[in-house]
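Summary of structural features
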Amino acid sequence: AVSADKVGAKAQAVRLWRQALRLEPSRQVARRDLAMACYQLGDVGNARQHVLNVLRVDPADVQGLVFLANLCLESGPDCVQAERLARRALAVDPQNPYALHCLGGVLFKAGRVSEAKDQFSRAIAVAPTVPYPYNVLAHILLNENRLEDAQALLQEFFAKAKVVDVRSVHEEELMRQVKR
């Protein structure tokens with residue numbers, strides 16, 4: 001299932017994870033991966049059901065809480081429920097950069113920009129190689145007409161963050177060209 005998922009064969013991965021869970025229903029990682037694959041196929045209902053099953057078994061599953069918070073934010077948006085879930089994740093793991101980023105996104109969507117910026121900054125501080133909070137915080141700074149601050153943040157991103165996909169490589173090349 002993992003191999004199928006890595007090459008983009010989401011439907012095959014879903015079928016294989018379902019088979020694996022029939023054989024060994026206690027595999028939480030497989031259930032979370034199944035939820036994500038369902039989501040990526042556009043099957044939000046099954047994605048939600050699978051992540052809820054993860055949380056029934058382990059209500060403190062940080063990845064499950066963050067995933068469900070993001071689902072709430074997208075499919076409503078239900079900022080109140082999403083914030084509650086993100087804060088539950090942070091109660092379990094206060095240093096989790098994905099939970100911090102999630103809470104920042106919830107707060108931003110709720111119009112609480114100052115609080116959102118604080119969460120993105122915390123995410124960067126606890127995990128300076130995770131790229132997502134840099135991106136969102138830079139966009140916020142640009143919207144505030146703080147070009148120099150956004151540029152400095154992006155330079156920090158390229159100095160520290162992991163390149164997670166080809167878009168980051170292109171952004172890095174563009175930044176080099178702009179500096180010339």
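This text follows the structure it describes.
The structure presented is a predicted model; accordingly, all values stated were derived computationally and were not measured.

On to the overall build of the protein. Assigned secondary structure in the protein consists of eleven helices and zero strands. Listed N to C, the secondary structure of the protein is α-α-α-α-α-α-α-α-α-α-α in terms of helices and strands. Out of the 180 residues belonging to the protein, those deemed buried represent 38%. Across the protein, contacts joining residues at least 24 apart in sequence account for 40% of those joining residues at least 6 apart. Accessible surface computed for the protein: about 10100 Å², of which carbon and sulfur atoms make up 54%.

Now for the environment of L153. Relative to the helices and strands, L153 is located in helix α10 (residues 147-160). Put simply, L153 and L137 are 16 residues apart on the chain and 8.2 Å apart in space, counted from C-alpha to C-alpha. Ignoring sequence-local partners within four residues, the contact set of L153 consists of I124, Y134, L137, A138 and L141.

What follows concerns the pattern of salt bridges. According to the stated counting rule, one finds eight salt bridges in the structure shown. Residue R32 pairs with D61 through a salt bridge whose shortest N-O separation is 2.4 Å. Linking R32 in helix α3 (residues 28-40) with D61 in the loop between α4 (44-57) and α5 (62-74), this pair joins segments that are 29 residues apart in sequence. The pair R32 / D61 is uniform in exposure class, with both members buried.

A positive phi angle is found at N145, which is not glycine, with a value near 60 degrees. Position of N145 relative to the elements: it lies in the loop between α9 (132-143) and α10.

Our focus in this paragraph is the packing of aromatic side chains. Considering all chains together, one arrives at four aromatic pairs under this definition. The interplanar angle of 90 degrees and the centroid separation of 6.0 Å between the aromatic rings of Y39 and F67 together place this pair among those described as edge-to-face. Pair noted here: Y39 is in helix α3 and F67 is in helix α5, with a separation of 28 residues, a long-range link. Judged by relative accessible area, F67 falls into the buried class, the value being 12%.

Calculation criteria
- Residues numbered from 1 in each chain as written.
- Predicted model: local features only at pLDDT ≥ 70, side-chain atom pairs only at ≥ 80, totals over all residues.
- Heavy atoms only, no water.
- Helix = DSSP H or I, 4+ residues; strand = E, 2+ residues; numbered from the N terminus.
- Buried < 20%, exposed > 50% of the residue type's maximum accessible area, 1.4 Å probe, protein only.
- Contact = heavy atoms within 4.5 Å.
- Areas by Shrake-Rupley, 256 points an atom, 1.4 Å probe, with all protein chains shown as cover.
- Salt bridge = Lys/Arg side-chain N within 4 Å of Asp/Glu carboxyl O.
- Phe/Tyr/Trp six-rings, centres within 6.5 Å; stacked < 30°, edge-to-face > 60°.

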